[in-house]
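Examining the three-dimensional arrangement
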Amino acid sequence: MECVLSKEQAPAFQWYAAEFLADEKVMAMTAEEIGCYALLLSICWREMAITSDPKQLQIICRGVVVSDLVLSCFDYPAQTGRLMHPRLEVVRVKQAEWRAKSARGGRNSAHKR
């Protein structure tokens, strides 16, 4: 999946608790792994991707070694060398489409006045 870079990056994404808790990988995680996963999701949203370097991930996760289970939730596109989260990229595209649609609607409304 291709990352959508935007100067108008949304500061937040919706967190669907039921979807998160029902995910098989999340259900298999320890509390520590869930904490790492949530932290990495947040950083991935803000930065568009996260490092794939295990030592840097450990630093980011406050000294916790990031498990293979947590890492399996991310994709590793060869062209970037960084980890991306597929679901976040879907949300990123939807938000960009919504912003573009809203902008068009605003311009159309302004022209009618």
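The paragraphs below set out a description of the structure included in this document. For clarity, every value in this text was computed on a predicted model and none was experimentally measured.

Attention now goes to the pattern of salt bridges. One pass over the full model with this rule turns up 3 salt bridges. In this structure, Arg46 engages Glu47 in a salt bridge whose closest nitrogen and oxygen atoms are separated by 2.6 Å. Arg46 gets classed as exposed once you look at its relative accessible area, which sits at 60%. A relative accessible area of 39% means that Glu47 is categorised as partly exposed.

A word on the nonpolar core. Ranked by internal contacts, the top residues of the largest apolar core, which has 22 residues, are Tyr37, Leu40, Ile50, Val70 and Phe74. Elements represented by at least two residues in this core include exactly α3 (31-47) and α6 (86-112). It is α3 that provides the largest number of residues to this core, a total of 7 residues. Ignoring any residue separated from it by four or fewer positions in sequence, one finds Ile50 in contact with Leu40, Ile43, Cys44, Leu57, Phe74, Arg82 and Leu83.

A word on the layout of surface pockets. Volume-wise, the largest pocket comes out at about 310 Å³. Along the wall of the largest pocket there are 16 residues; nearest its centre are Glu19, Phe20, Tyr37, His85 and Arg87. Where the lining of the largest pocket is concerned, the elements lending two or more residues are α1 (17-22), α2 (24-27), α3 and α6. Considering every element that reaches the lining of the largest pocket, the biggest residue donor is α6, with 3 residues. Its residues placed into classes, the lining of the largest pocket shows 10 nonpolar, 2 polar and 4 charged. There is about 150 Å³ of room inside the second largest pocket. Contributing to the lining of the second largest pocket are Gln14, Tyr16, Arg87, Val91, Lys94 and Gln95. Of the residues belonging to the lining of the second largest pocket, the class tally is 2 nonpolar, 2 polar and 2 charged.

Our focus in this paragraph is the packing of aromatic side chains. Overall, the coordinates contain 5 aromatic pairs when judged by the stated rule. The interplanar angle of 50° and the centroid separation of 5.2 Å between the aromatic rings of Phe13 and Trp45 together place this pair among those described as tilted. With Phe13 in the segment before α1 and Trp45 in helix α3, the pair connects residues that are 32 residues apart, well separated along the chain. Residue classification places Trp45 among the buried positions, given a relative accessible area of 3%. Between Tyr37 and Phe74, the ring centres sit 5.9 Å apart and the planes meet at 85°, which makes this aromatic pair edge-to-face. Placement of the pair is Tyr37 in helix α3 and Phe74 in the loop between α5 (68-71) and α6, with a sequence separation of 37 residues. With a relative accessible area of 6%, Tyr37 lands in the buried category. Judged by its relative accessible area of 6%, Phe74 falls in the buried class. By way of ring pairs, the aromatic residues Phe13, Trp15, Phe20, Tyr37, Trp45 and Phe74 are connected into one cluster. A cation sits over an aromatic face here: Arg92 above Trp45, 4.5 Å from the ring centre.

So, how was this worked out
Residues numbered from 1 in each chain as written. Predicted model: local features only at pLDDT ≥ 70, side-chain atom pairs only at ≥ 80, totals over all residues. Heavy atoms only, no water. Salt bridge = Lys/Arg side-chain N within 4 Å of Asp/Glu carboxyl O. Buried < 20%, exposed > 50% of the residue type's maximum accessible area, 1.4 Å probe, protein only. Core = buried A, V, L, I, M, F, W, Y, C linked by side-chain atoms within 4.5 Å. Helix = DSSP H or I, 4+ residues; strand = E, 2+ residues; numbered from the N terminus. Contact = heavy atoms within 4.5 Å. 1 Å grid on protein atoms, 1.4 Å probe; cavity = no way out; pocket = protein on both sides within 12 Å on 5 of 7 lines; lining within 4 Å. Points joined across faces, edges and corners; volume = space filled by probe spheres on them. Nonpolar A, V, L, I, M, F, W, Y, C, P; charged D, E, K, R; others polar. Phe/Tyr/Trp six-rings, centres within 6.5 Å; stacked < 30°, edge-to-face > 60°. Lys NZ or Arg CZ within 6 Å of the ring centre and 35° of its normal.

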